[in-house]
Amino acid sequence: MARIPSILLSLSLSLSGQGKAAPQSLEPVPWHPLATGLPPATIPGPPTSLTFDNQTTRTLKLFWVKYNGTLKAYGLLQAGAPREQQTTANSCWMVAETSGKPLGYFQATPRPGRAIVPARLPVPVLRSRKYTPGTRQEAILWQKNMRGSLARLMKMEDLVAQDTPLPLNPTTSSSEDRGKFILHEMEIDSTPGNRIKLVLTVPKAVTGTCPAVVAIAGHSGTRHSCYQDRGFATLLAEKGYVTISTRISQHSVREQQRTMMGERLWDLMRCVDLLASRREVDPARIGCAGNSLGGEMAMWLAAMDERIAATMSAGFLTRMDQLEENHCRCWKFPGLRELVEFSDIYALTAPRPLMCQNGLQERPTWFTVPLAREALAGIRPIYEVLGAPENLEFVAHEGGHVIQIPSLLAFLGKHLGPEQ
Ligand SMILES: [Zn+2]
């Protein structure tokens, strides 16, 4: 939990400064347009003040960025009417349209300052934090910072930052013999107070430790979808992989302070927590695979959870422009496009093995092979910089919006291997 210093309690909520002219002697503090990055969470500092000067021609909203990175509303900034706000040094203050669309922020300094919202706000820049090739160290630093920015955008920063994992409190409601493996119906805590259902399969003939795969279904999928009709998860379970699957196809938010995509991802990371806790699983050989929304969530899981050793993402590699039309827009959340492209998210997986599959029979407005090749060109440079270009594989298969099973099995076999 964020520590709230007593100084915060004395912060003035009043708008008593409204209308007061900004003293010209105050030094301007820098305006950070949001496209350059998200405001950092506020950290404690000595008392100071900011005099906001909204030089646009419209009313704007003001928010204080709290110690945990979330926002607290502090009223309106009228055009041309400077307003003095008591605060503390290092505090971040976000300015947004009255619609709530964030524009930029200021960070208070120990000296009282002028916070000038410029008259003309720049058109938002998309993909402002694109990966650009440099040194190996720069690539690793870019990945680390980007994971932090994305976790904050997905409102799961507090979850991923925990030193000790939350207890899983696993329970098993049934266990069924499926020939070569046992299929367990289980529940675990995703967050305290929110339990999720999942399927876990464990090979019967296990003597040492096994590789494991998080199997992820697509839109309207359930925890059972990847196993049905001899689906790829059943094939992997029969080949000796421990497999796990939970439903991530919800289109609503469970906890108000979260995001839908953040909750989907966190549930998958909790599946990895469960795998890592099982004695029959080799924690160094955990992979993930999925098609469509499952391919998208495989991208996110591999990008944000470095425990994932090999990733197969099918039916998803594309550019964001394509998904703006003719598709469910659950992929998008505020601030995402301003930061990155899908290529950049996939680039967080490097140098770990990644296979992307796209079908030559994909619908012309969906995840076509030419679009996938364009996106692939954006992923390849970081694999080269990190010295593992061979770990990035692309399969343009003869099918449609499906997984090509033989190349999936070969890929996982090569990188995760058999039981040891
Ligand atoms: Zn959707």
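Residues numbered from 1 in each chain as written. Predicted model: local features only at pLDDT ≥ 70, side-chain atom pairs only at ≥ 80, totals over all residues.

Colleague: Give me the overall build of the chain: which residues, what numbers.
Modeller: What the chain contains, in helices and strands, is 11 helices and 18 strands. The globule rule puts the C-alpha radius of gyration for 420 residues at 22 Å, and the 24 Å found for the chain is close to it. Principal-axis analysis of the C-alpha atoms places the extent of the chain at approximately 80 × 45 × 40 Å. Within the chain, the proportion of its 420 residues that are buried is 42%. Here the analysis covers contacts within the chain between residues at least 6 apart in sequence; of these, 71% occur between residues at least 24 apart. (Helix = DSSP H or I, 4+ residues; strand = E, 2+ residues; numbered from the N terminus. Rg over C-alpha atoms; globule rule 2.2 N^0.38 Å. Buried ≥ 20, exposed ≤ 12 C-beta atoms within 10 Å, placed from the backbone. Contact = placed C-beta atoms within 7 Å.)

Colleague: Provide a residue-level description of the packing of helix α5 (residues 260-277) against helix α6 (residues 293-304), including the pertinent values.
Modeller: Remark: α5 packs on α6, axes separated minimally by 10 Å, with the N-to-C direction vectors making an angle of 65 degrees. Accordingly, the angle class assigned to the pair α5 and α6 is roughly perpendicular. Regarding α5 and α6, the two cross each other, and that crossing is right-handed. In this structure, α5 uses Arg 264, Leu 265, Leu 268 and Met 269 to contact α6, whose residues at the interface are Met 297, Trp 300, Leu 301 and Met 304. (Axes fitted to C-alpha atoms, helices over the stretch in contact; angles between N-to-C directions. Parallel < 35°, antiparallel > 145°, perpendicular 65-115°, else oblique. Left-handed = near helix turned anticlockwise from the far one by under 90°.)

Colleague: Give me the nonpolar core: which residues, what numbers.
Modeller: Core analysis: the biggest nonpolar cluster contains 90 residues, and Val 214, Ile 216, Ile 244, Leu 265, Leu 268 and Leu 301 have the highest contact counts within it. Not counting the four nearest positions on each side in its chain, Ile 216 is found in contact with Ile 248, Leu 268, Cys 288, Ala 289, Gly 290, Gly 294, Met 297 and Ala 298. Counting residues in hydrophobic clusters, the runner-up holds 19 residues, among them Phe 52, Trp 64, Trp 93 and Met 94. (Core = buried A, V, L, I, M, F, W, Y, C linked by C-beta atoms within 7 Å.)

Colleague: Hey, could you go over the domain arrangement of the chain for me, with residue numbers and the actual values?
Modeller: For the chain, the domain assignment lists domain 1 (6-117) and domain 2 (136-416). Listed per partner, the contact involves 7 residues of domain 1 and 8 residues of domain 2. The class makeup of the residues in the side of domain 1 that touches domain 2 is 3 nonpolar, 4 polar and no charged. (Domains from an automatic or database assignment. Nonpolar A, V, L, I, M, F, W, Y, C, P; charged D, E, K, R; others polar.)

Colleague: So what about the sheet that holds strand β4 (residues 60-65)? Which residues, and what values?
Modeller: What holds strands together in a sheet is hydrogen bonding between their backbones, with the strands either parallel or antiparallel. With antiparallel pairing, 5 strands are arranged side by side in an open sheet as β2-β8-β7-β4-β5. Since the sheet does not close on itself, it has two edges, and those belong to β2 (32-33) and β5 (71-77), each with one partner. In this structure, β4 lies alongside strand β7 (residues 92-97), joined through 6 bridges in antiparallel fashion. Pairing of Lys 61 across the sheet is with Ala 96, part of β7. (Pairing = 2+ DSSP bridges.)

Colleague: Could you give an account of the sheet that holds strand β17 (residues 354-359), naming the residues involved and the relevant values?
Modeller: Strand order in this open sheet of 9 strands is β10-β11-β12-β14-β13-β15-β16-β17-β18, and the pairing throughout is mixed. If you trace the sheet from one side to the other, it starts and ends with β10 (171-177) and β18 (392-397), each paired once. The average angle at which neighbouring strand axes cross in this sheet is 20 degrees, direction not considered. Relative to strand β14 (residues 242-246), strand β13 (residues 210-216) is paired through 3 bridges, and the arrangement is parallel. In the sheet register, Ala 212 faces β14, and the bridge partner there is Val 242. With respect to the sheet, α5 is in contact with β11 (181-191), β12 (194-203), β13, β14 and β15 (281-291), its orientation differing from that of β14 by roughly 150 degrees. Its contacts with the sheet put helix α11 (residues 405-416) on β13, β15, β16 (308-314), β17 and β18, and the angle it makes with β16 is roughly 170 degrees.

Colleague: Give a detailed account of α5, specifying residues and quantitative values.
Modeller: Owing to its 3.6 residues per turn, the α-helix brings residues three or four apart onto one side. In a regular helix each residue adds 1.5 Å, so 18 residues correspond to 26 Å; α5 covers 26 Å between its end C-alpha atoms and thus fits that length. Burial analysis of α5 places 14 of its 18 residues in the buried class, which makes it a mostly covered element. (Expected span 1.5 Å × (residues − 1).)

Colleague: So what's going on with the pairing of β10? Residues and values would help.
Modeller: In terms of burial, β10 is largely open, as just 0 of its 7 residues are buried. Pairing analysis gives 6 bridges linking β10 to β11, with the strands arranged antiparallel. Across the sheet, Thr 171 pairs through a bridge with Glu 187, a residue of β11. Hairpin geometry of β10 and β11 is characterised by an intervening segment of 3 residues between the two adjacent antiparallel strands and by a positive phi of about 95 degrees at Gly 179.

Colleague: Can you explain unusual backbone geometry? Please cite residues and give values.
Modeller: That bond from Ala 350 to Pro 351 is cis: its omega, 5 degrees, falls within 30 degrees of zero. A positive phi is found at Ser 220, a non-glycine position, where the angle reads about 65 degrees. Mapped onto the secondary structure, Ser 220 falls in the loop between β13 and α4 (232-238). Judged by C-beta crowding, with 10 C-beta atoms within 10 Å, Ser 220 ranks as exposed.

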